[in-house]
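# Fold and geometry: a report
Residue-level listing of the chains:
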Amino acid sequence: MMKVTCSYIFVYGTLLINGNNYAAYLQKHCKLIGEGKIKGRLYDIGEYPGAVIDINANQYIYGNIYLMDDAESILGFIDEYEGLGPDEPQPHEYLRSMVGIETDNGSIRCWMYIYNWPLNDFVEVPGGKYLAYTAGKI
């Protein structure tokens, strides 16, 4: 288990969806700080997105920043959702990394789940906003 040194988490995909049990858990145990973004690309992996950081990209991945009330417990719970449990096969589909998220008030260090498998022929999410993308897909 990774040592928790940060109490912020940046979410950009299914954890933003109303009705998702894990999103509800975050909303119950975290305080929404606001919106943020990071340079990179967002891909449609199927039932969920995958984010790839690219500091040279001319586009962003957009999401929300939350302050966790008990970071260690919350990250352990979300790690299971993201397939980072101890019984999950390696390599994990996602890696949890600490990154700098841009906000209107400067940068905040946050935990973020970054896609770790080959991108194959996955479609890039235009505009880097998963909820807007899925709303248009339906």
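In what follows, the structure referred to is the one given above.
Predicted, not measured: the structure shown is a model, and the values here were computed from it.

## Digging into the side chain of Arg-96
Here Arg-96 shows up in strand β5 (residues 94-103). A polar side-chain atom of Arg-96 sits 2.8 Å from a polar atom in the side chain of Asp-79.

## Remarks on the packing of helix α1 (residues 21-29) against helix α2 (residues 71-81)
Interaxial distance between α1 and α2 falls to 11 Å at its minimum, and their mutual angle equals 170°. Here α2 runs roughly antiparallel to α1, going by the angle between their axes. Touching Tyr-22, Tyr-25, Leu-26 and His-29 of α1 are Ser-73, Ile-74, Phe-77, Ile-78 and Tyr-81, all from α2. The residue inventory of the contact of α1 with α2, partitioned by class, reads seven nonpolar, two polar and no charged.

## Notes on the nonpolar core
One broad trend across soluble globular proteins is that nonpolar side chains are buried collectively. Counting residues in each nonpolar core, the largest one holds 36 residues, and the members touching the most others are Ile-9, Phe-10, Tyr-12, Ile-61, Met-68, Ile-101 and Met-112. For this core, the elements supplying multiple residues, two or more each, are β1 (8-11), β2 (30-44), β4 (60-68), α2, β5, β6 (106-115) and α3 (130-137). Residue contributions to this core peak at seven residues, all from β6. Not counting residues within four places of it along the chain, the set of residues in contact with Phe-10 comprises Gly-36, Lys-37, Ile-38, Ile-61, Tyr-62, Gly-63, Asn-64, Ile-65, Ile-101, Cys-110, Trp-111 and Met-112.

## Here we look at the packing of aromatic side chains
For the structure on display, the rule yields eight aromatic pairs. Summarising the aromatic geometry, the rings of Tyr-25 and Phe-77 are spaced 4.0 Å apart at their centres and angled 35° between planes, so their arrangement reads as tilted. Here the residue Tyr-25 occupies a position in helix α1, and Phe-77 occupies one in helix α2, the gap between them amounting to 52 residues. Taken together, a centroid distance of 6.1 Å and an interplanar angle of 50° make the contact between Tyr-60 and Tyr-62 tilted. Taken together, Tyr-22, Tyr-25, Phe-77 and Tyr-81 form an aromatic cluster joined through their ring pairs. If you follow Arg-96 out to its NZ or CZ, it ends over the ring of Trp-111, 4.7 Å from the centre. The ring of Tyr-62 is capped by Lys-129, whose NZ or CZ atom sits 4.9 Å from the centre of that ring.

## A closer look at the pairing of strand β3 (residues 49-53)
In regular strands, side chains alternate between the two faces of the sheet. Two strands pair when backbone bridges link them, and β2 and β3 are joined in this way by five bridges, in the antiparallel orientation. Bridge assignment links Tyr-43 to a residue of β3, and that residue is Gly-50. Between β2 and the antiparallel strand that follows it, β3, lie four residues; Gly-46 among them carries a positive phi value of about 135°.

## A short note on α2
Structural remark: α-helix, 3.6 residues per turn; residues separated by three or four positions point the same way. By the burial criterion, the buried members of α2 are Ala-71, Ile-74, Leu-75, Ile-78 and Asp-79. Buried residues of α2 fall within an arc of 135° about the axis and therefore sit on the same side. Looking at the buried positions of α2, the neighbouring elements they touch are β1, α1, β2, β4, β5 and β6. Within two residues after α2, Gly-83 carries a phi angle of roughly 80°, on the positive side.

## Thoughts on the layout of surface pockets
By volume, the largest pocket is sized at about 350 Å³. In terms of lining residues, the largest pocket is bounded by 15 residues, among which Glu-35, Gly-36, Tyr-62, Gly-63 and Lys-129 are the most central. Looking at the lining of the largest pocket, the elements that each hand over two or more residues are β2, β4, β5 and α3. Taken together, the residues of the lining of the largest pocket break down into six nonpolar, four polar and five charged.

Calculation criteria
Residues numbered from 1 in each chain as written. Predicted model: local features only at pLDDT ≥ 70, side-chain atom pairs only at ≥ 80, totals over all residues. Heavy atoms only, no water. Helix = DSSP H or I, 4+ residues; strand = E, 2+ residues; numbered from the N terminus. Polar contact = N/O pair within 3.5 Å; in protein donor to acceptor, adjacent residues only side chain to side chain. Axes fitted to C-alpha atoms, helices over the stretch in contact; angles between N-to-C directions. Parallel < 35°, antiparallel > 145°, perpendicular 65-115°, else oblique. Contact = heavy atoms within 4.5 Å. Nonpolar A, V, L, I, M, F, W, Y, C, P; charged D, E, K, R; others polar. Core = buried A, V, L, I, M, F, W, Y, C linked by side-chain atoms within 4.5 Å. Buried < 20%, exposed > 50% of the residue type's maximum accessible area, 1.4 Å probe, protein only. Phe/Tyr/Trp six-rings, centres within 6.5 Å; stacked < 30°, edge-to-face > 60°. Lys NZ or Arg CZ within 6 Å of the ring centre and 35° of its normal. Pairing = 2+ DSSP bridges. Arc of directions from axis to C-beta. 1 Å grid on protein atoms, 1.4 Å probe; cavity = no way out; pocket = protein on both sides within 12 Å on 5 of 7 lines; lining within 4 Å. Points joined across faces, edges and corners; volume = space filled by probe spheres on them.

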